[in-house]
Each structure stands twice: as C-alpha cells, then as structure tokens.
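Each chain is listed here by its residues.
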Amino acid sequence: MDFSFLGDYKYFFINGTRITIMLAFFAVLFGIMIGIILAMLKISHNKILRAIASSYIEFIRGTPLLVQLFIIYYGLPYLGIQFPDFPLFGQNIGDFMAGVIAMSINSGAYVAEIFRAGIQAVDKGQMEAARSLGMPYLMAMKKIILPQAFKNILPALGNEFIVVIKESAIVSIIGIHDLMYNADTVRGNTYKPFAPLIVAALIYFVVTFTLSKFVGLLEKRMDTA
Amino acid sequence: MSMIEISDLNKYFGKLHVLKGIDLKVETGEVVVVIGPSGSGKSTLLRCLNRLEEPSSGDIVFEGLSILDDENNDINKLRQKMGMVFQQFNLFNHMDVMENITLAPIKLKNLKQAEAVSVARDLLDKVGLLEKEKAYPAQLSGGQQQRIAIARALAMSPDVMLFDEPTSALDPEMVGDVLKVMKDLAAEGMTMIIVTHEMSFARDVADRVLIMDEGIIIEEGNPQKIFNQPEHPRAKDFLSRVLGIF
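Residues numbered from 1 in each chain as written. Chains lettered and ligands numbered in written order. Predicted model: local features only at pLDDT ≥ 70, side-chain atom pairs only at ≥ 80, totals over all residues. Heavy atoms only, no water.

Per an unreviewed UniProt entry, the recorded name for chain B is Polar amino acid transport system ATP-binding protein, and the organism is Halanaerobium salsuginis. UniProt lists a comment for chain B under the heading Subcellular location (unreviewed entry), and it reads "Cell membrane". (UniProt positions renumbered as here; feature names shortened; annotations may be inferred.)

As recorded in an unreviewed UniProt entry, chain A goes by the name Amino acid ABC transporter membrane protein, PAAT family, listed as coming from Halanaerobium salsuginis. The UniProt entry for chain A carries the following text under Subcellular location (unreviewed entry): "Cell membrane". As its UniProt record puts it under Sequence similarities (unreviewed entry), chain A is described as follows: "Belongs to the binding-protein-dependent transport system permease family. HisMQ subfamily."

In structure tokens:
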C-alpha cells in the first residue's frame, strides 16, 4: 500500500485529530455536567424529578445518535435557534457547536447512569455523618459524596471518553472537519479509496489506546492514595 | 426547661411500629444510657433526635425549638448543636484526619483555617491521637477511627453528643480507649445520650439508664436501681441475659 500521500496531506490528519479530540473533550465535559445533574435528579425523593431524569435517559439511550445529531443540526435552526457563525479552528463554529451539543446530550445520558451507580456505591453512612454535622444536602453531596463517587467511577468515565472519541466520527456527516471527514477528503483528493482510512483508523486507535493506558495508570495511583 | 423534650414520639417503618409513643426528657449535663435487646428501637430513637430518621408523629424539642418545625427552625443549624457518633465511624474516607475534623467548622461556622486547625489539634490531643492528623481513615484501626469521629463531632462544639453503639464494631482491645474518651467527656459535663451494650460503662458513667423493649421504655432510673432492682419482668429478663444475674 502506498502512503506517500501523507507528505502532502499530513495536516489533514493532524487537524482532523485535533478537532476530533476537542469535540470529544467538550462533549464529555458537558456530558459530565448533564450526567451529574441527571444522576442527582434520579436519586432524589421527588417522583416528578425522577421521572424527568428517567425519561431523558431512556429516550436518549433508545434512539440513534445520528438521529439526535440531525435533530440538533437541522431541527434547532428550523425552530429559529441559530448557532453563532464565526470561524474557529479553520471552520464554522456553528457546526462544531451542533456536534458538541448533540454528543453532550447523548453522552450525558450514559454518564448519568455511571454517576448514579457511583453515588449509590458510596456508603450511606458518609451522607449521614455529613448531615449529622449540619451540612445541607447539596454541600454534603459536593464535598463528601461526589468526590468519592468520582474516584470510583473514574475508569468508567475514561471509557466513556474513549467511546465518545470513536462515536464522534459520525459528526463528519454534518461537515465538521474531524479526523473521519478529513480522511474522506484525502480519499477524494488522492483517488486512494483505502489507505487514508487505514491512517485514520490507526490514529483513532493510538488515541484511544493511549487514553485507556492513562486511565489505568490513574486508577492505580488513586488506589494507593 | 429540659435540653431535650420528646413527646409521644412514634416511628413506623412501613407497617412496623418501631417507636410507640416515647416520652423522654434529658437535662443539660445529663448522661443517659439506653440499653435493650436488639430491634427494641434504641438506635431509631437516637436517630430520630437529629432526624436522620424522620419521626412519624410526635414532637422533639431541643433547647426550646422543635426540630420538626421546618417553617421556623433550620434542621441543619440544630444538627450543628447535636454531635453524633456512629457504630461504623463513618469518617470521610477521601480526607485525612485533619480535614475530617476541620471541614464542618470551616464550612458551617466560618472558622478560619488556622483557628479550625488549632481547635482540631486540641481535640486530637484530648482523644490521644495528635500524631495522626495526616493519616487517612483506612490507615487507622477501628478504635482510632472512632476516637477521630468523636473529635470530629466535638469540633462543632455541640451541646449534646449522641452515641449510636460506638463500640459495637470494635475489636475488644480497642473498646477501652473509646470508652475512656467518652468517660472524660462525661466528666467534663457534656450532655450525652448513648445507645450501647457496654453494661459496665452504663453502670459507671450513666446518670440515668433506660431499658427499651419493643418500641417503649420499660424501665428507667439510676444505674443502681436499674441493675439491682429492675421491676419490669422483661427488664429482668433482658438483664439476666446480658449480666447473667437474677
């Protein structure tokens, strides 16, 4: 196989990888925020709040990411909600934002379940001790429960990051110049249907493999702490 | 006015009637020890006092304020005045000893870091663990953890201390250290309500002993009376089993 196109097109892959990682990073970041809130709703004593969180989680997990992406990308502008349009990362930030929003909304549902399990795995005596000292519920949650839950679920969150990096290839469909989109562009420009995909696959693999090793290391360090 | 006045307190767990109309007053400086067979409702009674369990009916008035009156009283403020020590210690696992003790005073009483640390050192000295301030709970024995838990509760300078079977989860050789700390506390005049199975501790330290059975207080009085001349047949039965007398 001939990889000589890499000389001319390496920046396609480098920039694409950058966009893919940034997209996944923001998606997981906002996904974690959405996930924490959903998890708190899901363990609350209020039936309505629990129902809201459950519906969200079930609906997102029960529909394809591609449909969610299209709903955000085509649906929001149709409803009059425009993504701001100014150049960033050498492309439209509007598309990028649509991608981040869709992926965050999606990832949030999965992160919520991870957090819920993590929170419920913290011994309930921890909450009781905090409350008995006079801490309000949210302070106890923030200072006592979530830090311990976070430590328990760090490996699962790392895995979620890896999943999001892989799934994010789907945003190439709405024209975000991520790794997948750029690999496809290189295929078109060079008339090589195969090799650019191999390069993209290798890059995805290197990124996710490095990340999973990093999560493993972190896990070990936290075990000893 | 008594420090704590419990009137007609009832607690149900589903259909199970765990506390059946408890009336109880605790005076300032009093050490009240609650004993009784397991499942008699002692821990539930204690946990109702700071509303870790929600009472089903009745009232609990602490220093003149009903702890159940959310309209007028802030339960979180009231809890600051009621220290609690648990059977399982419940130290915050992700924090070292110093952080465990200083977190609540800094966050809730707006103590400066330096002040909180100096208070914490005094308390650590009192429970005999000054050298452990940087240790994490997992690095401490059960007895040490429980003494830290007592220091943590004391750091809020509570008016009453609630002890929920504080020595039940400890290895026998650790029990003495914890009881010693509690004895010192009683000698300083701390108001204490203690659920325990340590009969000799009850005999030595209590001003008043309550025996609970099936959700009611069946016998109440000073330790001499309780341990030497119990009246209620079930109280006699319980004491004969735990003390091997009567």
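Student: Explain the pattern of salt bridges to me, using residue names and the numbers behind them.
Tutor: All names here are of chain B. The tally for this structure, following the rule as stated, stands at 17 salt bridges over all chains. One salt bridge connects K126 with E188, and the closest N-O pair in it is separated by 2.9 Å. Of this pair, K126 sits in helix 4 (residues 113-126) while E188 sits in the loop between helix 6 (172-187) and strand 8 (191-195); the two residues are 62 residues apart in sequence, bridging distant segments of the chain. Judged by its relative accessible area of 35%, K126 falls in the partly exposed class. Between E219 and K225 there is a salt bridge, and its shortest N-O distance comes to 3.1 Å. (Salt bridge = Lys/Arg side-chain N within 4 Å of Asp/Glu carboxyl O. Helix = DSSP H or I, 4+ residues; strand = E, 2+ residues; numbered from the N terminus. Buried < 20%, exposed > 50% of the residue type's maximum accessible area, 1.4 Å probe, protein only.)

Student: Can you lay out the UniProt feature "transmembrane region" (unreviewed entry) in chain A for me, pointing to particular residues and giving the numbers?
Tutor: Listed under "transmembrane region" (unreviewed entry) in the UniProt record, and renumbered for this structure, are residues 20-41, 53-76, 96-115, 153-174 and 194-218 of chain A. In residues 96-115 of chain A, helix accounts for 100% and strand for 0%; the two terminal C-alpha atoms are 27 Å from one another.

Student: I'd like a description of the UniProt feature "domain: ABC transporter" (unreviewed entry) in chain B, backed by residues and values.
Tutor: As annotated by UniProt and renumbered to match this structure, "domain: ABC transporter" (unreviewed entry) occupies residues 4-239 of chain B. Between the C-alpha atoms that bound residues 4-239 of chain B the distance is 27 Å, and the span itself is 38% helix and 25% strand.

Student: An account of the pairing of strand 2 (residues 16-26) of chain B is needed here, citing residue identities and associated values.
Tutor: Residue and element names in this part refer to chain B. Relative to strand 2, strand 1 (residues 4-13) is paired through eight bridges, and the arrangement is antiparallel. Residue pairing in the sheet places K11 in a bridge with L19 of strand 2. Connecting strand 1 to the next strand, strand 2, in antiparallel fashion are two residues, including G14 with a positive phi near 65°. (Pairing = 2+ DSSP bridges.)

Student: Describe helix 9 (residues 233-243) of chain B, and please don't skip the residues or the numbers.
Tutor: All names here are of chain B. Within helix 9, burial applies to A235, F238 and L239. Looking straight down helix 9, one finds its buried side chains confined to an arc of 95°; they lie on one side. Pointing more than 90 degrees away from the buried face of helix 9 are the exposed residues P233 and R241. On the buried face of helix 9, the contacting elements are strand 3 (31-35), helix 7 (199-205), strand 9 (208-213), strand 10 (216-221) and helix 8 (223-228). (Arc of directions from axis to C-beta. Contact = heavy atoms within 4.5 Å.)

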